[in-house]
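Spelled out, the chains give:
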Amino acid sequence: MNDKNIRMVALDLDGTTLDPYGKITERTVAAFKRAMEQGVHIVISTGRTFQSLPKQLFSIDGLEYVVTSNGAHITELASMERIYENLLPPESVTAVVELIRQKGRTHISVETFIDGHAYIDKDEYEEIIAEGSTYRDAAYIRDTRNPVPQILDYMMAHKGEIENISLNFEFLEEKAVWREELAQIPNLTLTTSFIHNIEMGGVNTSKGTALTFLMERLGVLPEELMAVGDSPNDGEMMELAALGVAMANGTEETKAMADYVTASNAEDGVAKAIEKFVL
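From a predicted model like this one, the values you see are computed outputs, not experimental measurements.

Caption draft 1: Fine view of unusual backbone geometry. Of note, the phi angle at methionine 80 is positive, near 60°, even though the residue is not glycine. On the accessibility criterion, methionine 80 (46% relative accessible area) is partly exposed. The backbone of aspartate 115 sits at a positive phi, close to 50°, despite the residue not being glycine. Within the element layout of this structure, aspartate 115 appears in the loop between β6 (108-114) and β7 (117-121).

Caption draft 2: Geometry of the sheet that holds strand β2 (residues 41-45). One open sheet accounts for 8 strands, arranged β5-β4-β3-β2-β1-β12-β13-β14; its pairing is mixed. Sheet topology places β5 (81-85) and β14 (260-262) at the edges, where each strand pairs with a single neighbour. Mean inter-strand twist for the sheet, computed between neighbouring axes without regard to direction, equals 25°. In the packing of helix α11 (residues 269-277) onto the sheet, the strands contacted are β1 (8-11), β2, β12 (225-229), β13 (243-247) and β14, and the crossing angle to β14 comes to about 130°.

Caption draft 3: How the structure looks around helix α7 (residues 172-182). Within the sequence span of α7, burial applies to Lys175, Trp178 and Leu182. Projected down its long axis, α7 shows its buried positions confined to an angular sector of 70°, all on one face. With respect to the buried face of α7, the exposed residues turned more than 90 degrees away are Glu173 and Glu180. Buried residues belonging to α7 abut α3 (90-103), β6, β9 (162-169), β10 (189-191) and β11 (197-201).

Caption draft 4: Looking closely at the nonpolar core. Within the largest apolar cluster, 32 residues are counted, with the highest numbers of intra-cluster contacts made by Val9, Leu11, Phe32, Ile42, Met226, Ile274 and Val278. Among the elements of the structure, β1, α2 (26-37), β2, β12, β13 and α11 are those that each provide at least two residues to this core. With residues up to four places along the chain from it excluded, the contact list for isoleucine 42 reads Val9, Leu11, Phe32, Ala35, Met36, Leu63, Glu64, Tyr65 and Ile274.

Caption draft 5: Local environment of the pairing of β11. With respect to burial, β11 is a largely interior element, 5 of its 5 residues being buried. The side-chain alternation of β11 yields two buried faces, one formed by Asn197, Glu199 and Gly201 and the other by Ile198 and Met200. Pairing of β9 with β11, which is carried by 4 bridges, proceeds in the antiparallel orientation. Paired with asparagine 168 across the strands is asparagine 197, a residue of β11. As paired elements, β10 and β11 share 3 bridges and run antiparallel to each other. Opposite threonine 191, over in β11, you have glutamate 199 as the bridge partner. Where β10 hands over to β11, the hairpin turn is made up of 5 residues, counted between the paired strands.

How each quantity is defined
Residues numbered from 1 in each chain as written. Predicted model: local features only at pLDDT ≥ 70, side-chain atom pairs only at ≥ 80, totals over all residues. Heavy atoms only, no water. Buried < 20%, exposed > 50% of the residue type's maximum accessible area, 1.4 Å probe, protein only. Helix = DSSP H or I, 4+ residues; strand = E, 2+ residues; numbered from the N terminus. Pairing = 2+ DSSP bridges. Axes fitted to C-alpha atoms, helices over the stretch in contact; angles between N-to-C directions. Contact = heavy atoms within 4.5 Å. Arc of directions from axis to C-beta. Core = buried A, V, L, I, M, F, W, Y, C linked by side-chain atoms within 4.5 Å.

And the structure:
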């Protein structure tokens, strides 16, 4: 493959495009602009909901599309039109809620993503804001989560609209047990975006599936795709791409599947990968 034949770059956000302070650096923005001037599509592909996207993204001229909620939605930024949707089946949502009710929620944080917004139980939200958390970022929760009374009831009331369910575990040994049980529920895709969580999408919901739709729309071939990420939820888009790039700060699992490991998100790793393989 000609390394300079890349026509689309798919980029995770947290731990990848965003630096440790949650910003996109000047060098990265400059690399975006040079690539877009050459006709390359820069596509943000994140586990975040649309509402949770950093405002800085919307100030970067030329960005066309963003994949959110681990591939549940694609939004065209120029029109703000949602051009793709891939939700959880209602019966799978019901099964997840029943399992949570059965096992209980001690040491577990439950979230759900609906229509581009992230929701969390009001009591839990208030506790995290007031007291902090040993395994969650309280400031991030405050800025990106919408508190609702009785999150499980809320999920059932909206079970046909759910993009993603996220369970966040204080103790990792509990995460392993829950993953085994969740894997028994039909028509769910399980992934993780950071060490303490399990995220659930629909039967074929993934960043890779969403990008396949977008590539067909734009006439981009897999051999013309570079995908950059740091976590297991980036795996399918990295496998789809002819060039899968992992961040130096990524998980060992992600780095093992990559074709190339770039610098960390504290060292302009995304910019360096674009400069090396695209520009």
